[in-house]
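Observations on the three-dimensional arrangement
The primary structure of each chain is shown beneath.
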Amino acid sequence: MRRRSKPITNIDDPRYVKALAHPMRIRVLAMLEEQPASPVQLAQRLPDATLGAIAYHVRTLFNLGLLELVATHQRRGATEHV
């Protein structure tokens, strides 16, 4: 897994543009602003996107420092990240 980047603190940071360059990332950020959710929960609310695609975009936003991990839960032998 990639190491987490230094968080974006300035709107002039080119990583900010990269983070918002895809419409799915904007949708994910908007949904997570309303309430915390895991990629699985987001996929249930976004039927036009696959779980893999959502997980990729969530991971990208997390690595850029725009999301934070608020909880983990054990689900069927796997760890769900919220």
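The preceding data block contains the structure.
Residues numbered from 1 in each chain as written. Predicted model: local features only at pLDDT ≥ 70, side-chain atom pairs only at ≥ 80, totals over all residues. Heavy atoms only, no water.

1. Thoughts on the packing of helix 2 (residues 23-34) against helix 4 (residues 51-63)
Keep this limit in mind: Simply put, an axis is a line fit to the C-alpha atoms, just over the touching stretch for a helix, and the angle between two N-to-C directions goes from 0 to 180 degrees. Helix and strand definitions here come from DSSP, where helices need a minimum of 4 consecutive H or I residues and strands a minimum of 2 consecutive E residues; each element is numbered from the N-terminal end. With respect to orientation, any angle under 35 degrees is reported as roughly parallel, any angle over 145 as roughly antiparallel, any angle of 65 to 115 as roughly perpendicular, and every other angle as oblique. Whether two residues are in contact is decided by their heavy atoms: any pair within 4.5 Å suffices.
Across the interface, helix 2 lies against helix 4 with an axial gap of 10 Å and an inter-helix angle of 75 degrees. Looking at the two axes, helix 2 sits roughly perpendicular to helix 4. When helix 2 is examined against helix 4, the residues Met24, Arg25, Val28 and Leu29 are found in contact with a partner set consisting of Ile54, Tyr56, His57, Val58, Thr60 and Leu61.

2. Focus on helix 2
Short version of the rule: Multiplying one less than the number of residues by 1.5 Å gives the expected span of a helix. For every residue, the accessible area (1.4 Å probe, protein chains only) is compared with the maximum for its type, and the residue is labelled buried under 20%, exposed over 50%, or partly exposed between those bounds. Throughout, the arc means that of the directions going from the helix axis to the C-beta atoms.
A rise of 1.5 Å per residue sets the reference length of helix 2, with its 12 residues, at 16 Å; its end C-alpha atoms lie 17 Å apart and thus fit the reference within 8%. All of the buried residues in helix 2 are Met24, Arg25, Val28, Met31 and Leu32. The arc that holds every buried residue of helix 2, seen down its axis, measures 130 degrees, which confines them to one face. Of the exposed residues in helix 2, the ones pointing more than 90 degrees away from its buried face are Pro23, Glu33 and Glu34. Tucked into the core, helix 2 has its buried residues touching helix 1 (14-19), helix 3 (39-45) and helix 4.

3. Some remarks on helix 4
Helix length check: helix 4 (13 residues) gives 18 Å between terminal C-alpha atoms against 18 Å at 1.5 Å per residue, within 8%. On its buried face, helix 4 is in contact with helix 1, helix 2 and helix 3. Residue Gly65 follows helix 4 closely and has a positive phi angle near 85 degrees.

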